[in-house]
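So you can see what is in the structure, the chains are spelled out below.
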Amino acid sequence: MKYRRLGKTDLKVSVIGVGTWQFGGEWGMDFSQAEVDQILDKAKELGINLIDTAECYGDHLSEKLIGEYLKKDRREDWIVATKFGHHFHERFTRTNDYSAESVLQQLDQSLKALQTDYIDLYQFHSGPDEAFDNDALWTMLDKQIAAGKIRHLGLSIAKNDNLHQTASASKINAKAVQVVYNRLDRKPEEEVFVSCQEQDLGVLARVPLASGYLSGKYKPGAVFAGNDVRHRHDQEHVRNLLAQVEEIKQQEVPEGMDMAQWALAWCLNHPAVTTVIPGSKNPAQVEANAKAADFVSDEHPQAVRS
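Description of the structure in this document. (Residues numbered from 1 in each chain as written. Predicted model: local features only at pLDDT ≥ 70, side-chain atom pairs only at ≥ 80, totals over all residues. Heavy atoms only, no water.)

## As for helix H1 (residues 33–45)
Note: α-helices contain 3.6 residues per turn, so residues at a spacing of three or four share the same orientation. Across its 13 residues, H1 extends 18 Å between first and last C-alpha, which sits within 8% of the 18 Å expected from 1.5 Å per residue. By the burial criterion, the buried members of H1 are Val36, Asp37, Ile39, Leu40, Lys42 and Ala43. Along its buried surface, H1 packs onto strand S3 (18–19), strand S4 (50–52), helix H2 (61–72) and helix H10 (283–290). One or two residues past the end of H1 sits Gly47, with phi positive at roughly 90 degrees. (Helix = DSSP H or I, 4+ residues; strand = E, 2+ residues; numbered from the N terminus. Expected span 1.5 Å × (residues − 1). Buried < 20%, exposed > 50% of the residue type's maximum accessible area, 1.4 Å probe, protein only. Contact = heavy atoms within 4.5 Å.)

Quick look at the structure:
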């Protein structure tokens, strides 16, 4: 495994993390505690130390499954990132609440669910600019840093060209930005990554496999189940994506190389990107994702050399 400094923080994160939206039950299956334990055990064995979750992956459900694991493991071995701003009601249904008072309650609920005293990276979750431009929210969160509940703040931007929030990150004491970035969606390269590099922010690339379309598993014509968030994607758009994927596979992926590993390494070789956080449904997928680190350049601005 390779490690990088997460922006201006003292956190050294593995270049491959574990994304855990799937633990909330919106990616085609429900997870038992034993299944989550196996995934996280395999991640740890392979040197992965970053877990990314959120308050609304289920009603703190993903956090609770992770918390039960952390209770049995060494909490200090992990960098835990979670988010705030949404209330989960049922599958695919959330409401927003970014008020300082509500976010403080969400923070305490996340700490309880995760069975921990502190969160390493607490991220503003896909909120609009008017919610972001609220001094009371950031004042309250700074107090939670002083109290030891949060180590660092981050932003998880909804639109991957949101320069308003990215450019203001340092002003509100955020040290990392999470953004959708993959071979099919390169929008952040235009402005967001430039701002991140100027501010020395960490970058977490989410959806690095383009919701699994870059995993190499799906051919044109693939159909997704009703409890899989991808069944809600526009069918014409899906057809176009899968056609693009086929073209990339033929023209860009070296012969004999696993497409998912290529796609993860492709993200990580951008100088702005610190880490990728693909989801995994089983230990074998964790292992396959981790192998992408073998194809990642050591010449990176945030590289940590042992």
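Once the structure has been displayed, the description carries forward.
## Here's the deal with the environment of Phe295
Considering the arrangement of structural elements, one finds Phe295 in the loop between H10 and strand S13 (303–304). On the accessibility criterion, Phe295 (41% relative accessible area) is partly exposed. Distance from Phe295 to Asp129, taken between C-alpha atoms, is 37 Å for residues 166 residues apart in sequence. Not counting chain neighbours up to four residues away, the residues in contact with Phe295 comprise Met257, Gln261, Ala265 and Asn269.

## Thoughts on unusual backbone geometry
Keep in mind that most residues, glycine aside, have a negative phi and that most peptide bonds are trans. The phi dihedral of Asp200 is positive, around 55 degrees, even though this residue is not glycine. On the secondary structure map, Asp200 appears in the loop between helix H7 (192–199) and strand S11 (202–206). When its relative accessible area of 29% is taken as the criterion, Asp200 is described as partly exposed.

## A closer look at the packing of aromatic side chains
Under the criterion given, the structure shown has 12 aromatic pairs. Taking 6.1 Å as the distance between ring centres and 80 degrees as the angle between the ring planes, the aromatic pair formed by Tyr69 and Trp78 counts as edge-to-face. Side by side, Tyr69 and Trp78 carry an identical accessibility label, which is buried. Between Phe132 and Trp138, the ring centres sit 5.6 Å apart and the planes meet at 65 degrees, which makes this aromatic pair edge-to-face. Here the aromatic residues Phe84, Tyr98, Tyr122, Phe124, Phe132 and Trp138 are joined through ring pairs into a cluster of three or more. (Phe/Tyr/Trp six-rings, centres within 6.5 Å; stacked < 30°, edge-to-face > 60°.)

## A short note on the environment of Met257
Within the element layout of this structure, Met257 appears in the loop between helix H8 (235–251) and helix H9 (259–268). Residues within four places of Met257 in sequence aside, it is in contact with Trp262 and Phe295.

## Details of the pattern of salt bridges
Within this structure, the stated rule accounts for 19 salt bridges. Its salt-bridge partner being Arg151, residue Asp10 comes within 3.5 Å of it at the nearest N-O pair. Residue Asp10 is located in the loop between strand S1 (3–5) and strand S2 (12–14), and its partner Arg151 is located in strand S9 (residues 150–156); the two are separated by 141 residues in the primary sequence. Given the relative accessible area of 52%, Asp10 is considered exposed. Owing to a relative accessible area of 33%, Arg151 belongs among the partly exposed residues under this scheme. Note that Arg183 is salt-bridged to Glu252, the shortest N-O span being 2.6 Å. (Salt bridge = Lys/Arg side-chain N within 4 Å of Asp/Glu carboxyl O.)

## Some thoughts on the pairing of S9
When you tally the buried positions in S9, you get 6 out of 7 residues, the bulk of the element. Here strand S8 (residues 119–125) runs beside S9; their pairing, made up of 6 bridges, is parallel. Within S9, the position partnered with Ile119 by the bridge is Ile150. Bridge analysis of S9 against strand S10 (residues 174–180) gives 4 bridges, and the strand direction is parallel. Its bridge partner being in S10, Leu153 is matched across the sheet by Ala174. (Pairing = 2+ DSSP bridges.)

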